[in-house]
Amino acid sequence: MTHAIVARQAGGPEVLEYAEVEIPVPGPGQLLFKVGAAGVNFIDTYKRSGTYKVPYPFVPGTEAAGTVEAVGDGVTGFAVGDRVATAEGINCYADYALVDEDAALPVPKGLDVFTAAALPLQGATAHYLINSTFKVEPGHTVLLHAGAGGVGLLLIQLLKAKGARVITTVSNDEKKALALEAGADHVLRYEGFPHHVRELTGGTGVDVVYDGVGKDTFDGSLAALRVRGMLVLFGAASGPVPPFDPQRLNAAGSLFLTRPTMGHYLRDAAERRWRADEIFAAAADGSLKVRIGARYPLSQAARAHRDLEGRKTTGKVLLVP
């Protein structure tokens with residue numbers, strides 16, 4: 001027997017139980033790995049709360065890093081003892097987890113297990129947002145919400161490396177300092193941000209808004225865009241955006257709106273490796289700084305969810321078995 005976090009029904013963080021479970025057995029094409037650290041992400045809270053439908057009982061977590069303990073039939077690219085990470089693991093809030101071979105990422109030398117666990121989901125998200133959803137070029141002006149969050153701090157650095165001008169929003173002075181340290185050009189509070197963005201851009205607005213906050217920032221994000229600008233709504237930390245009239249996009253300047261999801265940007269093993277290799281290499285050589293804001297024992301998953309949802313965290317939140 002081993003341990004995992006189990007939710008037996010949808011609800012608040014209190015439904016997350018530290019429970020005894022059987023050690024998983026890898027099926028054909030799967031790896032069993034001992035979890036060194038698991039990433040805590042907003043999508044985990046959406047599944048736990050019932051916002052995203054999942055079958056119960058449910059073990060959260062798709063992001064983790066660790067060491068291969070066993071391989072299933074047909075696995076050829078990994079062996080026992082290899083270090084792996086993934087954003088698409090199975091039941092990763094646990095001592096042991098499974099991952100399909102195609103979704104497993106080799107961890108390069110020089111990258112510790114905590115950094116490796118912090119990068120797959122948020123690193124892949126940051127990569128696809130600026131390379132594929134809206135391809136950022138030198139000279140673009142970008143508005144990014146939640147600049148001190150896990151994705152935000154990665155995005156600021158990657159955007160500056162592309163030659164973009166970065167405006168970001170945060171909720172307090174501590175987070176402002178983190179965003180500036182990461183390289184943001186301008187750091188705003190949420191209140192009145194569309195007006196301040198217009199001031200900073202001479203009335204034009206930004207080329208793209210990356211919005212992982214959702215309901216509380218959506219209207220302001222649209223108002224901050226230039227004519228034919230794009231709003232990339234990639235999360236809902238404040239809640240889902242209510243239905244709205246598409247005519248608003250017309251009236252506000254023929255705007256574009258997209259709601260990407262990571263699975264559509266990790267279509268095959270080659271695409272996964274492209275994104276992971278670039279992000280892991282940047283972290284390994286030090287050009288991309290990865291902030292791990294909090295580590296919680298696996299048994300304290302409920303507390304980790306409370307702190308994440310209460311916006312008490314910065315950078316990456318990890319669970320450590």
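All values reported here derive from a predicted model rather than from experimental measurement. (Residues numbered from 1 in each chain as written. Predicted model: local features only at pLDDT ≥ 70, side-chain atom pairs only at ≥ 80, totals over all residues. Heavy atoms only, no water.)

**Q** Lay out the sheet that holds strand β12 (residues 225-233) with the relevant residues and their values.
**A** With parallel pairing, 6 strands are arranged side by side in an open sheet as β10-β9-β8-β11-β12-β13. Unpaired on one side and paired on the other, β10 (186-189) and β13 (256-258) mark the two borders of the sheet. On average, adjacent strands in this sheet sit at an angle of 15° to one another, irrespective of strand direction. The pairing of β12 with β13 spans 3 bridges and is classified as parallel. The partner of Leu 231 across the bridge, within β13, is Leu 257. This element, helix α3 (residues 120-133), spans β11 (206-211), β12 and β13 of the sheet and lies at about 145° to β12. On top of the sheet, helix α5 (residues 173-182) reaches β9 (165-170) and β10; it is set at about 160° to β10, its chief contact. (Pairing = 2+ DSSP bridges. Helix = DSSP H or I, 4+ residues; strand = E, 2+ residues; numbered from the N terminus. Axes fitted to C-alpha atoms, helices over the stretch in contact; angles between N-to-C directions. Contact = heavy atoms within 4.5 Å.)

**Q** Tell me what's going on with unusual backbone geometry, and back it up with residues and numbers.
**A** Of note, the bond from Tyr 56 into Pro 57 is cis; its omega dihedral lies within 30 degrees of zero at 0°. With a phi angle near 55°, Ser 254 is a residue other than glycine that sits in the positive phi range. Tracing the chain through its elements places Ser 254 in the loop between α8 (247-251) and β13. Although it is not a glycine, Arg 311 adopts a positive phi angle of roughly 55°. Of note, Arg 311 is situated in the loop between α10 (301-309) and β15 (316-320). The exposure class assigned to Arg 311 is partly exposed, which follows from its relative accessible area of 32%. (Buried < 20%, exposed > 50% of the residue type's maximum accessible area, 1.4 Å probe, protein only.)

Just geometry here; none of it tells us what the structure is for.
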